Amino acid sequence: MSTETSAPIPVPEGRQFTAFQGHRRLASGAMEAVMRAAARAAEDLEPSEPVLVFDDATGVQTDLGALATPAAAAGAPAPVQPGGQPARQAGRPRLGVVAKEVTLLPRHWEWLALQPGGASVTLRRLVDEARRSQGPREAVRAAQERCYRFLHAIAGNLPGYEDALRALYRADAEGFNGAMQAWPQDVREYAAGLAAAAFAEGGAA
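Conventions and cut-offs
Residues numbered from 1 in each chain as written. Predicted model: local features only at pLDDT ≥ 70, side-chain atom pairs only at ≥ 80, totals over all residues. Heavy atoms only, no water. pLDDT = per-residue confidence, 0-100. Contact = heavy atoms within 4.5 Å. Buried < 20%, exposed > 50% of the residue type's maximum accessible area, 1.4 Å probe, protein only. Helix = DSSP H or I, 4+ residues; strand = E, 2+ residues; numbered from the N terminus. Arc of directions from axis to C-beta. Pairing = 2+ DSSP bridges. Axes fitted to C-alpha atoms, helices over the stretch in contact; angles between N-to-C directions. Phe/Tyr/Trp six-rings, centres within 6.5 Å; stacked < 30°, edge-to-face > 60°.

**Some words on the confidence of the model for the protein**
Counting all residues, the mean pLDDT for the protein is 78, and 70% of those residues have values of 70 or more. Between residues 78–82, whose pLDDT stays under 50, and residues either more than four places distant or in other chains, the model counts nine contacts.

**Re helix H7 (residues 185–195)**
Think of an α-helix as 3.6 residues a turn; residues three or four steps apart then line up on the same face. Turning to H7, its buried residues number three or more, namely Val187, Tyr190, Ala191, Leu194 and Ala195. For H7, the buried positions fall inside an angular range of 130° around the axis, keeping them on one side.

**Comments concerning the sheet that holds strand E2 (residues 17–21)**
What the three strands build is an open sheet, ordered E3-E2-E4; its pairing is antiparallel. The outermost strands of the open sheet, each flanked by one partner alone, are strand E3 (24–29) and strand E4 (51–55). Adjacent strand axes in the sheet meet at a mean angle of 20° when their direction is disregarded. As paired strands, E2 and E4 are joined by five bridges and run antiparallel to one another. Counterpart to Phe17 in the pairing with E4 is Asp55.

**Here's the deal with the pairing of E2**
Among the five residues of E2, five are classified as buried, and the element is accordingly described as predominantly covered. Alignment of E2 against E3, held across five bridges, turns out to be antiparallel. Of the residues in E3, the one forming a bridge with Ala19 is Ala27. Linkage of E2 to E3, two consecutive antiparallel strands, is achieved through a turn of two residues, within which Gly22 is found at a positive phi near 65°.

**Concerning the packing of aromatic side chains**
Scanning all chains against the criterion turns up six aromatic pairs. With a centroid separation of 4.8 Å and 80° between ring planes, the pair formed by Phe150 and Tyr190 is classed as edge-to-face. Note that Phe150 is positioned in helix H4 (residues 118–154) and Tyr190 in helix H7, a separation of 40 residues in sequence. Residues Phe150 and Tyr190 agree in their burial class; the two are buried. Taken together, a centroid distance of 5.3 Å and an interplanar angle of 45° make the contact between Phe176 and Phe199 tilted. Taken together, the positions of Phe176 in helix H6 (residues 173–179) and Phe199 in the segment after H7 put the pair 23 residues apart, joining distant regions of the chain. In textbook terms, an aromatic cluster arises when at least three aromatic residues are bridged by ring pairs, as seen for Phe20, Phe54, Phe150 and Tyr190.

In structure tokens:
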């Protein structure tokens, strides 16, 4: 009888992680280094002090055992030509364009048809312009969410937890830091780093 195993999740190049044992930071850095530190700590940890690993980009608690390095996730190497050069794949080069259905009213299609480059080019340009205009707000929201995920996982029983969250979502840096004043230093510093963009100028707008 065969046993099915799930494929490891690929890790984007440069992704960083941080491991905590209880409220003490064990290690920060690339996946392999953090995995080694977490494994060493797991051998001697007390039941009340589990090792938790967080993705620095998202604040999500992460199971490093399910992850793979970019090289390992890539699978088999690409075929090569004589001389060691990668073989050129047949067909149209992939440009990252994904075809999906878009539903618009007739007046929208009429307007798009009149734009230089056609509907697809115009829609891509409009999306890029919207992303640029919403960039600062998106950065604030992302910082709030990644800090919340970390705090929810590790700081729920610390004094001032709810006050810290309220200040985080008000973009109140002074209130946020004040609510964390009595917290362990490693938790306080890591949370502040995750939340930094939430307190950028105009972040509360």
